[in-house]
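# Understanding the architecture of this molecule
Chain residues, written in single-letter form:
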Amino acid sequence: MNGYVAGGWGATAALVIVYAWRTIRRGKVLARRSAPNGEKTWR
Amino acid sequence: MNGTADRVTRVLGAASLVAVAVTAWLGLVVSPPDVTQGQLVRLIYVHPGAATACYAGFGLCALASLAYLWPRTRSRRWDRLAAASAEVGVLFCAITLVSGSIWGRGSWGVWWTWDARLTLTALLFAVFVGYLALRRTGGDPDSRARRCAIAAVMAAVLVPVDHEATTWWQTLHQGNTLLRSNPSIHGWQLVSMLASFVAYALLFSWLLVHRYRVEVLEDRFEEDGFAAALMERRAEGGVIAPAGVAPRVGAEVEL
Amino acid sequence: MWRDALLVGGKDLRVEMRSRVTTTQVAPYAILVLLLFGFAFDQNHTLLSRVTPGLFWVAVLLCALLSVQRSFAVEAADGARDGLRLSGLDPAGVFLGKVAAVAVQLAALEVILGVGVVVLFGTDLTDPGLLVLSAAAATVGLAAAGVVYGMMAAGLRVRETLLPLLVLPVVAPVILGATQCWMAALGLSATDGWRWLILLGAFDAIYLTLGVVGFATLLEEA
């Protein structure tokens, strides 16, 4: 393991995790907003 | 079950996690360092997989756009798929560029090289960033869908031209080609690389499903916004609005 | 289609000649860009004449963006775009007419820039054959791609910032090809210029076709 390997793997992981988190969270926010009567899914 | 999640995404997500963990273990621990590249070869488990996922995303976007433009298969589903796959594609494109750059810095001491593949990837990145910007514009969803679909198809048509151009350009500056050659790969390195492709495929699918569903929700949100605004206008104008929950005005959101 | 193209192209050029925007604004802008390159590269004559092809084509590209924006801005007022849509003109003809008008204006700007480059950078414009042919091919390519994306962005509020973002990555092969042709023609590089000319031709064919086929849809959406 050296600095570049850690950098490459780390950057990749960071990008994937941040993107996934933001997308999933946006889904939850939108689902909540568009169905005030309780149902909270995308269907 | 909340938001865009359901059993499918939980399974995909869990599988992705396992695949990533296996790849990490194989790539960082089990497989040996390379004869020529040393520890740096471990980046081969991060870079090519991302590139493949990126091309898959952009390719899917182009195909979905074609399906949307073709009158017989026109459906908002394709538009949403195009939007989702473009964004996920851009994510993996960024990963490709960043990991490629880091690898280059480690191997040759430079953050960038005008290698044909990297240059082409950078161009594609720029083109699809533009596509994503185009997606954020426009009022009428159908106009926007059509405009974006045309842009995506045009981008796809240009890929062979760009590929030729960057390849010719690189052969003018012969130096870089030699250094780019992949190490001959076998044994644990080969297994790890295959594992990385599986992991990327699963990650791609998982993210795509979530992003597609977010797009469905965005569309519904936009339509409801119009509907709510319409109701407000009507109420202002003195037209009596029906009591209770506002009905979903307009076409049903197809999934 | 060709008659409509002549009609629209003629109209655009006539508007241009009466308003003289290209001569009074875009041409000075082009010269200014060259001057600024001089400042940026610290009046290094040897360097400037060696990189002339690149600088020339970047300057042309910047002017092309302006010309395309202008080509659509003239129709933004008074619902002229709706008029265009309802006029019954063949959309492919409208596309070709606009491309022709932009290309003509760009050609004029290129002559000015050519003179500028000889004067300001001390470049020696030898072998005019390949220079002119590649310039023609590149101009058509820039105009065609510009008009297609210009139409796409025309009705949008963010068109000024969106158009460059859409056009620049797409015309990268044109800049690459044109620069390589000019470097070969000026003896600055050993590359085979004619091969790059083929690339420019392919790009032109693709974008002209895409424009002719797709303009009807784009015109509706604007």
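Residues numbered from 1 in each chain as written. Chains lettered and ligands numbered in written order. Predicted model: local features only at pLDDT ≥ 70, side-chain atom pairs only at ≥ 80, totals over all residues.

## Describing the overall build of chain B
Regarding its fold elements, chain B presents 7 helices and 0 strands. What you see in chain B, going N to C, is helices and strands ordered as α-α-α-α-α-α-α. A sequence separation of at least 24 residues applies to 78% of the contacts in chain B between residues at least 6 apart. (Helix = DSSP H or I, 4+ residues; strand = E, 2+ residues; numbered from the N terminus. Contact = placed C-beta atoms within 7 Å.)

## Describing the overall build of chain A
On a plain count of helices and strands, chain A comes out with 1 helix and 0 strands. Expressed as a percentage of its 43 residues, the buried residues of chain A come to 30%. (Buried ≥ 20, exposed ≤ 12 C-beta atoms within 10 Å, placed from the backbone.)

## Structural notes on the interface of chain C and chain B
Contacts between the two partners involve 23 residues from chain C, matched on the other side by 23 residues from chain B. For the side of chain C that touches chain B, the secondary-structure elements that each account for two or more residues are α8 (159-170), α9 (172-185) and α10 (193-221) of chain C. Ranked by residues supplied to the side of chain C that touches chain B, first place goes to α10 of chain C with 10 residues. Its residues assigned to classes, the side of chain C that touches chain B shows 17 nonpolar, 4 polar and 2 charged. (Nonpolar A, V, L, I, M, F, W, Y, C, P; charged D, E, K, R; others polar.)

## Section: the nonpolar core
Formed by 144 residues in total, the largest nonpolar core has its most connected members in Ala82 and Ala152 of chain B together with Val60 of chain C. In contact with Ala82 of chain B, not counting residues within four places along its chain, are Cys61, Ala64, Ser65, Tyr68, Cys148, Ala149 and Ala152 of chain B. (Core = buried A, V, L, I, M, F, W, Y, C linked by C-beta atoms within 7 Å.)

## Focus: the interface of chain A and chain B
Taken together, the contact between chain A and chain B spans 27 residues of the former and 34 residues of the latter. Of the residues belonging to the side of chain A that touches chain B, the class tally is 13 nonpolar, 9 polar and 5 charged.

## Some remarks on the confidence of the model for chain B
Residue and element names in this part refer to chain B. Chain-level statistics for chain B give a pLDDT mean of 84 and a share of 88% at 70 or above. Ranking the helices and strands of chain B by mean pLDDT puts helix α2 (residues 47-69) first, with 94, and helix α6 (residues 175-180) last, with 45. Ignoring residues within four places in sequence, the model shows residues 175-180, a span with pLDDT below 50, making 7 contacts including any to other chains. A low-confidence stretch, residues 244-255 (pLDDT under 50), is modelled with 18 contacts involving residues beyond four sequence positions or located in other chains. Predicted complex metrics record ipTM = 0.86 and pTM = 0.86. (pLDDT = per-residue confidence, 0-100.)

## What to know about the arrangement of the chains
Here 2 pairs of chains make contact, and the pair sharing the most contacts is chains A and B. The two units chain A and chain C remain apart, with a minimum C-alpha distance of 23 Å.

## Things to note about the environment of Arg135 of chain B
Residues and elements named next belong to chain B. With respect to the helices and strands, the residue Arg135 is situated in helix α4 (residues 116-135). For the pair formed by Arg135 and Leu60, sequence separation is 75 residues and the distance between their alpha carbons is 16 Å. When residues no more than four places from it in sequence are discounted, the contact partners of Arg135 are Ala83 and Cys148.

## Some words on helix α1 (residues 2-19) of chain C
Residue and element names in this part refer to chain C. With 18 residues, α1 extends 25 Å from end C-alpha to end C-alpha; this agrees with the ideal 26 Å at 1.5 Å per step. Buried residues of α1: Ala5, Val8, Gly9, Asp12 and Glu16, and no others. Taken end-on, α1 shows its buried residues confined to a sector of 95°, consistent with a single buried face. Seen from the buried face of α1, the exposed residues on the opposite side, beyond 90 degrees, are Arg3, Arg14, Met17 and Arg18. Buried residues in α1 make contact with α2 (21-40), α4 (52-73) and α6 (91-121). (Expected span 1.5 Å × (residues − 1). Arc of directions from axis to C-beta.)

## Overview of helix α3 (residues 76-108) of chain B
All names here are of chain B. Helix length check: α3 (33 residues) gives 47 Å between terminal C-alpha atoms against 48 Å at 1.5 Å per residue, within 8%. With 25 of 33 residues buried, α3 lies mostly within the body of the structure. Gly109 sits one or two residues past α3 and shows a positive phi near 80°.

## Quick notes on the environment of Arg85 of chain C
All names here are of chain C. When you line up the elements, Arg85 lands in helix α5 (residues 80-86). On a C-alpha basis, the gap between Arg85 and Gly177 in space is 35 Å, while along the polypeptide they are 92 residues apart. Contacts of Arg85, omitting those with residues within four sequence positions, involve Leu219 and Glu220.

## So, the packing of α4 of chain C against α8 of chain C
Residue and element names in this part refer to chain C. Packing of α4 against α8 brings their axes to within 11 Å, and their N-to-C directions diverge by 130°. Relative to α8, the element α4 is oriented oblique. Crossing hand, α4 versus α8: right-handed. Contact residues: α4 offers Leu65, Val68 and Gln69, while α8 offers Glu160, Leu163, Pro164 and Val167. Among the residues making up the contact of α4 with α8, the classes are represented as 5 nonpolar, 1 polar and 1 charged. (Axes fitted to C-alpha atoms, helices over the stretch in contact; angles between N-to-C directions. Parallel < 35°, antiparallel > 145°, perpendicular 65-115°, else oblique. Left-handed = near helix turned anticlockwise from the far one by under 90°.)

## What about the packing of helix α7 (residues 128-154) of chain C against α8 of chain C?
All names here are of chain C. Orientation of α7 relative to α8, taken along the N-to-C sense of each, is 145°, at an axis distance of 9 Å. Relative to α8, the crossing made by α7 is right-handed. Of the residues in α8, those touching α7 at Ala145, Gly146, Tyr149, Gly150, Ala153 and Ala154 are Arg159, Leu162, Leu163, Leu166, Val167 and Val170. Each residue belonging to the contact of α7 with α8 can be placed in one class, and the counts come to 9 nonpolar, 2 polar and 1 charged.

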